[in-house]
Amino acid sequence: MNIEVLELGPMANCTYLLTQGHDALLIDPAWDMNYIEHTLKTKGADLRAVFFTHGHFDHVKESEQLLRAHGLKAYIEKNDVLLSGLPEDVLQPYDGAQDIKIGPFAIHIIPTPGHTAGGVCLQIADAVFTGDTLFPGACGRVDLPSSDPRAMRKSLLTLSKLPEDTRVFAGHSYGGKCSSNIGYERATNPFMRSAIKDEKVIS
Ligand SMILES: [Zn+2]
């Protein structure tokens, strides 16, 4: 599986293009559909599915056009459907943890509320796409509508239990960096460390 990061828009958003052979998945396609379409075309990639890590506008913006062009419905956790502002006919809502197989990709969806109520992380092979839940050295904001600081701590604790060599790909490249791995975050991320330290209280 090849993972390509497309940094798009003025907010350092990271869209991820996963390819295996000609099969492709997109995670959080937003901002620049022309660039995304061009990239798919250049690679000869067949877009099989689209996933949103959560419904914030900067992760879904302009994606309706792409979804309609490819006749796809984007997977989104049901609690973030309204937040996305997208029409229901381009969405495929689901409820909580899921295992979804699409072509060569096995996608394990881990609900990680905290930043938003319907926020999820997508575990695919040895990678986890964390949206705005986990960033290298930080976590997402928990002061927004439908945020929940307690849920965020629990979600960080959940992520800390993934295999330590799991590669982390976050929803923004704040500070120029969007990737890390679970072992490094477990050892150095102050928010994850605090969640681990308070495991008994949190769970
Ligand atoms: Zn967000």
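Given the structure is predicted, the values throughout are model-derived calculations rather than measurements.

Undergrad: Can you explain the packing of helix H5 (residues 149-160) against helix H7 (residues 190-197)? Please cite residues and give values.
TA: With their axes 8 Å apart at the nearest point, H5 and H7 run at an angle of 90° to one another. Between H5 and H7, the interaxial angle falls into the category roughly perpendicular. Contact residues: H5 offers Arg-153, Leu-156, Leu-157, Leu-159 and Ser-160, while H7 offers Phe-191, Met-192, Ser-194, Ala-195 and Ile-196. Of the residues that constitute the contact of H5 with H7, the class distribution is 7 nonpolar, 2 polar and 1 charged.

Undergrad: So what's going on with the coordination of the zinc ion? Which residues, and what values?
TA: On the protein side, the zinc ion has His-54 (NE2), His-56 (ND1), His-115 (NE2) and Asp-132 (OD) as donor atoms, found 2.2 to 2.3 Å from it. Angles of 86 to 170° at the metal separate the 4 donor atoms of the zinc ion, which places the site in the irregular class. In the primary sequence, the donor residues of the zinc ion line up as H-x1-H-x58-H-x16-D. In this pair, His-56 is assigned in the loop between strand S4 (46-51) and helix H2 (57-60) and Asp-132 in the loop between strand S10 (127-131) and strand S11 (134-135), connecting sequence segments 76 residues apart. Like His-56, the residue Asp-132 is buried in the burial classification.

Undergrad: Would you mind going over the pairing of strand S2 (residues 13-20) in detail, with residue names and values included?
TA: Of all 8 residues that make up S2, 7 are buried, and the element is covered over most of its length. The pairing of strand S1 (residues 2-8) with S2 spans 7 bridges and is classified as antiparallel. Across the sheet, residue Glu-4 finds its bridge partner in S2, namely Leu-17. Where S1 hands over to S2, the hairpin turn is made up of 4 residues, of which Gly-9 adopts a positive phi near 80°. Two elements, S2 and strand S3 (residues 23-27), share 5 bridges in a ladder whose sense is antiparallel. Residue Leu-18 lies in a different strand from S3, and its bridge partner there is Leu-25. Hairpin connection from S2 to S3: 2 residues lie between these consecutive antiparallel strands, with Gly-21 at a positive phi of about 60°.

Reading the values: the criteria
The numbering scheme is per chain: residues are counted from 1 as the chain's sequence reads. This being a predicted model, a pLDDT of at least 70 is required before a residue's local features are given, and a value of 80 or more before pairs of side-chain atoms are given or counted; all residues contribute to the totals for chains, interfaces and linings. Water and hydrogen atoms play no part in the side-chain values, which are based on all heavy atoms of the structure. Angular values range over 0 to 180 degrees, each being the angle between N-to-C directions of two axes fitted as lines to C-alpha atoms, with helices fitted over their stretch in contact. Helix numbers and strand numbers start at the N terminus; a helix is a DSSP run of H or I with at least 4 residues, a strand a run of E with at least 2. Put simply, angles under 35 degrees are roughly parallel, angles over 145 are roughly antiparallel, angles from 65 to 115 are roughly perpendicular, and the rest are oblique. Here, two residues are considered to be in contact whenever any of their heavy atoms come within 4.5 Å of each other. Here the term charged refers only to Asp, Glu, Lys and Arg, the term nonpolar to Ala, Val, Leu, Ile, Met, Phe, Trp, Tyr, Cys and Pro, and the term polar to all other amino acids, Gly among them. In this description, a donor is an N, O or S atom within 2.8 Å of the metal centre, a cutoff extended to 3.2 Å for sodium, potassium and calcium. Water is not part of the atom list, which can make sites seem incomplete. The geometry test gives tetrahedral to four donors whose angles all lie between 85 and 135 degrees, gives square planar to four donors and octahedral to six donors whose opposite members are over 155 degrees apart with all other angles between 65 and 115, and gives irregular to the rest. Type-normalised accessible area, obtained with a 1.4 Å probe on protein chains alone, sets the label of each residue: buried when under 20%, exposed when over 50%, and partly exposed for intermediate values. For two strands to be treated as a pair, DSSP must find at least two bridges joining them.

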